[in-house]
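Here is what each chain is made of, one letter per residue.
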Amino acid sequence: MVTTSTAERRPAPQASTTVRPEPPRPSGLVYLGLAGLALLAFIVFWAIQESGDVLLIPLGFVTLWAPLNPVIGLLVMLVALAVCFKARIGTMAAFGTLAFIIMSYWAGATVGFTLLEIPERWSNVEPRLMAFLDPNWSYIWTVRDQWLITISMAVVATLIGCAIGLVLAMYASPVSSPNKGTSQAIKAANSVIRSIPDVGWALLFVAFIGGTAHGLGPMAGILALLMFNIGIVAKLTSETIDAVNPGPVEAADASGANLTQRNRLAILPQVLPGFVSYGLYVFELNIRASAALGIVGVGGIGSAMMLQLNRFQFENVAAILIALVVVVLLVDMFSMYIRRKLL
Amino acid sequence: MSNTRLNAGPGSTSQAEPRFAEDALDRRPVRPSKLRYNLGMLAVGIIFIAAVYGAGMDFGALLNLPASIIQYGQLMAAGVFQFPDETVAGYWTQSFDAMFESVAIAWVGTMVGALFSLPMGFLAARNMSPLPVYIVVRFVLSVIRAVPEIIFAIAIMLPLFGFGSGGGGALAGAMALGVSSIGTLSKLISEAIEAVDGGPLESSRASGSNQMQMIRWAVLPQVMPEIIAIWLYRFEVNIRASAILGVLGAGGIGSLLSTVFGAREWDRIGIVLVVIIVVTMLVDQISAFIRHRVIHGGDARSDGGEPQEDDDAPGPGPEDGPRVQNDPAPKENRAAAGL
């Protein structure tokens, strides 16, 4: 309803139809191109349905798993494009939608996505779930040594990792590094460190150290967690340094501070709260990760869990898991408390 | 008077009376006590030493580490740089196959997580759902976040879908990643929704829309770019996380890693690591580009018009100004790091 005052001020448009600005019509030509892209994806899917091998130029063939029914995929893509065109969605967004559908179709085919087998395979899961509902409570206390090792590993890896990560971050951010070349090089090295998953590091260090007379131990786990932490802390902290308030930095420069003094007095105090909170967060990640890394035998609670799992004693596994969830929640609450206290 | 102000320094311009040294001529503020800071550092040091003993670290192992790194590193480099004859080309192919499977696992897992995280995010946002629902959903989410992915995989998904790369292992891994993604994704999405600008909410309520209409027209347009960025971040995290599931038998690069490490074939290990690094960095770059585009580029948000080439250009449009008030970097960073 239009109030009288506005109606007086502005002459109402004829009848009750308000003229709304229409969103601009997207270019039909580009949409045609997108339809062509959909067709291309369909042809590729169709082709690799036959042979499955795609040439990877210097190295030979790579198998791409083709979706089962490329025709359905094509129809889905065309319908989505039509809907986008009807809704006057911009060409980039339509391209994004198309890319999303193609990617999902490929990924779904690759993992063989189906939910039809769930009812017939449910009997495999039921005994495990029952065991998880009825954990062996008395077992929790018997693995306390392993818990001690896990938490110690997490503490050591976090402290050393944060220290190294801070130094790397100082060199990685263009704000605080001596020159652009250094910052680029450190950034590249850091993204290499980050791209190897934590289990990859664990396997590497188990292989490096396990080959010696010292055998397996928490050392490999600590080194793996260390690399994992350095990657995360260096990335997060260097991005915090990028966004630092330039005032103190300029003041330090103007008063003739050298690089170390500038970083120590103008940048470090600004990033310290963020840095501490990343450290606490990484500590939490470490406890979770060390449970997972037990699979490859790096000591701590994870290896105890894998041992029980290999013996099919799910009641004990369930006890460890419940303790794990409780410990992670406790660490989470503790770090939230410290964060609130510090920030 | 103004002189005093000046000497008091920029920190003490508040109403509280600044503390000065005894000497009235030297009007510099007293240095704050560093006792608490020092005590904190001392406590950290004690905890560190205790933890070093508690973990039972064997420092003798470190002595041989550089030598073995050099030795095995040379073996790996020799494996990577050897001429790809038929066998070696087969290794490369196998590695790329497994890595692509990992990417697919991560993608499906992220989609499953995304599907559930959107409604859960709305239920966990304080400004969108009633208090009892909010508390219950928050609790469920924090429990999901506390459980590592491998547990979903071991307990439910692997027996449900089967093991192995060819069999249901990949699907099991994807479902485990999806379920464990729900916790983080929903938390980040709910934080994005809570930070939404209240103006459109009020105006949609004032014009008589119901809850669904309000979500569709006032909330989603504001948070959708950020949510897409959060999903993409989780995709990157899931690629790394899928490796650990693979070691358990969920297919992908993890299965291959555990195979080659089990056989100690260092040339193959080198090839697999190079493939992991290359593909992961590539996916990260693409995803970072899309995220930047979605958050900062105006045209990706259904404005129509032609795509702009430089998305750092000052004006995607004046109406986009208040939307991107501050870079949501820290929050997303945590998502990136794998919360």
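Bear in mind the structure is a predicted one, so any value in this text is a computation, not a measurement.

A. Inspection of the overall build of chain B at higher detail. Secondary structure summary: chain B contains 12 helices and 0 strands in total. Traced from its N-terminal end to its C-terminal end, chain B shows the element sequence α-α-α-α-α-α-α-α-α-α-α-α. A total of 339 residues make up chain B; the buried ones form 50% of that total. Relative to all contacts within chain B whose residues are 6 or more apart in sequence, the contacts with residues 24 or more apart total 68%. Within the structure as shown, chain B displays about 16,500 Å² of accessible surface, and the carbon and sulfur contribution to it stands at 65%.

B. How the structure looks around the overall build of chain A. Across its full length, chain A carries 13 helices and 2 strands. Intrachain contacts of chain A at a sequence separation of at least 6 include 74% that bridge at least 24 residues. Put simply, chain A shows about 17,600 Å² of open surface, and 68% of that area lies on carbon and sulfur atoms.

C. Geometry of the UniProt feature "transmembrane region" (unreviewed entry) in chain B. Residue and element names in this part refer to chain B. Taking the numbering used here, the UniProt-annotated feature "transmembrane region" (unreviewed entry) corresponds to residues 37-56, 104-123, 135-161, 245-263 and 269-290. Helix makes up 93% of residues 135-161 and strand 0%, and the two end C-alpha atoms of the span are 33 Å apart. In residues 269-290, helix accounts for 100% and strand for 0%; the two terminal C-alpha atoms are 32 Å from one another.

D. Representation of the nonpolar core. Residues A:Phe205, B:Ile150, B:Phe261 and B:Trp266 are the most contacted members of the largest nonpolar core, which totals 162 residues. Broken down by element, this core gets its largest block of residues, 15 residues, from helix H11 (residues 259-293) of chain A. Setting aside residues up to four positions removed in sequence, B:Trp266 forms contacts with A:Leu204, A:Ala207, A:Phe208, B:Tyr72, B:Leu75, B:Met76 and B:Phe261. Ranked by size, the runner-up nonpolar core spans 18 residues in total, among them B:Phe122, B:Val196, B:Val223 and B:Trp231.

E. Broad picture of the interface of chain A and chain B. In this assembly, 84 residues from chain A lie in contact with 83 residues from chain B. Summing both partners gives a buried area of about 7,300 Å² for chain A against chain B, and 75% of it is carried by carbon and sulfur. Across the chain A-chain B interface, the total number found is 1 salt bridge. The salt bridge partner of A:Arg194 is B:Asp284, with a shortest N-O separation of 3.8 Å. Counting every contact that joins chain A to chain B gives 3 residue pairs in polar contact (both at pLDDT 80 or more).

F. Spotlight on the packing of helix H5 (residues 118-133) of chain A against helix H13 (residues 314-342) of chain A. Residue and element names in this part refer to chain A. Remark: H5 packs on H13, axes separated minimally by 8 Å, with the N-to-C direction vectors making an angle of 55 degrees. By the angle between their directions, the pair H5 and H13 is classed as oblique. Judged by the sense of rotation from one axis to the other, the crossing of H5 with H13 is right-handed. Contact residues: Arg128, Ala131 and Phe132 in H5; Phe314, Glu315, Val317, Ala318, Leu321 and Ile322 in H13. In the contact of H5 with H13, the residues fall into 7 nonpolar, no polar and 2 charged.

G. The arrangement of the packing of aromatic side chains in detail. Under the defined criterion, the tally for this structure stands at 10 aromatic pairs over all chains. Look at A:Phe208 and B:Trp266: their rings are 5.9 Å apart centre to centre, the planes differ by 5 degrees, and that puts the pair in the stacked class. You can see A:Phe208 sitting in helix H8 (residues 198-210) and its partner B:Trp266 sitting in helix H11 (residues 266-296), one on each of two chains. Each member of the pair, A:Phe208 as well as B:Trp266, is classed as buried. The residue whose ring lies beneath B:Arg126 is B:Tyr134, and the NZ or CZ to ring-centre distance is 5.4 Å. One residue, B:Arg216, lies across the ring of B:Trp217, its end atom 3.9 Å from the ring centre.

H. Representation of helix H6 (residues 149-161) of chain B in the model. Residue and element names in this part refer to chain B. Taking 1.5 Å of rise per residue, 13 residues should cover 18 Å, yet H6 covers just 16 Å from first to last C-alpha, more than 12% shy of that figure. Most pronounced at alanine 155, the bend in H6 amounts to some 40 degrees, and the proline proline 159 follows within four residues. Of all 13 residues in H6, 12 are buried, a share of seventy percent or more. Buried within H6 are the following residues: Glu149, Ile150, Ile151, Phe152, Ala153, Ile154, Ala155, Met157, Leu158, Pro159, Leu160 and Phe161. Directly after H6, the chain includes glycine 162, whose backbone phi takes a positive value near 100 degrees.

I. Local environment of the side chain of A:Ser104. Along the chain, the position of A:Ser104 falls in helix H4 (residues 91-111). The exposure class assigned to A:Ser104 is buried, which follows from its relative accessible area of 15%. Here A:Phe100 takes part through its backbone oxygen, which lies 2.7 Å from a polar atom of the side chain of A:Ser104. Once you skip the residues sitting within four places of it in the chain, A:Ser104 turns out to touch B:Trp107 and B:Met111.

J. Up close: the confidence of the model for chain A. Residue and element names in this part refer to chain A. Counting all residues, the mean pLDDT for chain A is 80, and 86% of those residues have values of 70 or more. The low-confidence segment residues 55-63, where pLDDT is below 50, has 25 contacts with residues more than four positions distant or belonging to other chains. The low-confidence segment residues 211-215, where pLDDT is below 50, has 8 contacts with residues more than four positions distant or belonging to other chains.

K. Here's a closer look at the side chain of B:Thr110. Residues and elements named next belong to chain B. By the secondary structure assignment, threonine 110 is in helix H4 (residues 86-123). In this structure threonine 110 comes out as buried when scored by relative accessible area, which is 7%. At 3.1 Å, the side chain of threonine 110 forms a polar contact with the side chain of asparagine 238. Contact partners of threonine 110, with chain neighbours within four places excluded, come to Trp231, Arg234, Phe235 and Asn238.

L. Geometry of the UniProt feature "transmembrane region" (unreviewed entry) in chain A. All names here are of chain A. The sites that UniProt annotates as "transmembrane region" (unreviewed entry) are residues 29-48, 54-85, 92-116, 147-171, 192-210, 216-234, 289-307 and 319-338. Taken as a whole, residues 289-307 contains 63% helix and 0% strand, while its terminal C-alpha atoms sit 17 Å from one another. Secondary structure across residues 319-338 comprises 100% helix and 0% strand; the distance between its end C-alpha atoms is 29 Å.

M. The arrangement of unusual backbone geometry in detail. A positive phi angle, close to 55 degrees, is found at B:Arg264, a residue other than glycine. In this structure B:Arg264 comes out as partly exposed when scored by relative accessible area, which is 40%.

N. Representation of the environment of B:Lys187 in the model. Residues and elements named next belong to chain B. Here lysine 187 lies in helix H7 (residues 169-194). Separated by 66 residues in the primary sequence, lysine 187 and glycine 121 place their C-alpha atoms 6.3 Å from one another. Every residue in contact with lysine 187, bar those within four places of it in the chain, is listed here: Leu141 and Arg145.

The rules behind the values
- Residues numbered from 1 in each chain as written.
- Chains lettered and ligands numbered in written order.
- Predicted model: local features only at pLDDT ≥ 70, side-chain atom pairs only at ≥ 80, totals over all residues.
- Heavy atoms only, no water.
- Helix = DSSP H or I, 4+ residues; strand = E, 2+ residues; numbered from the N terminus.
- Buried < 20%, exposed > 50% of the residue type's maximum accessible area, 1.4 Å probe, protein only.
- Contact = heavy atoms within 4.5 Å.
- Areas by Shrake-Rupley, 256 points an atom, 1.4 Å probe, with all protein chains shown as cover.
- UniProt positions renumbered as here; feature names shortened; annotations may be inferred.
- Core = buried A, V, L, I, M, F, W, Y, C linked by side-chain atoms within 4.5 Å.
- Buried area = accessible area lost by both parts, 1.4 Å probe.
- Salt bridge = Lys/Arg side-chain N within 4 Å of Asp/Glu carboxyl O.
- Polar contact = N/O pair within 3.5 Å; in protein donor to acceptor, adjacent residues only side chain to side chain.
- Axes fitted to C-alpha atoms, helices over the stretch in contact; angles between N-to-C directions.
- Parallel < 35°, antiparallel > 145°, perpendicular 65-115°, else oblique.
- Left-handed = near helix turned anticlockwise from the far one by under 90°.
- Nonpolar A, V, L, I, M, F, W, Y, C, P; charged D, E, K, R; others polar.
- Phe/Tyr/Trp six-rings, centres within 6.5 Å; stacked < 30°, edge-to-face > 60°.
- Lys NZ or Arg CZ within 6 Å of the ring centre and 35° of its normal.
- Expected span 1.5 Å × (residues − 1).
- Bend = angle between axes of the 7 residues up to and from the residue.
- pLDDT = per-residue confidence, 0-100.

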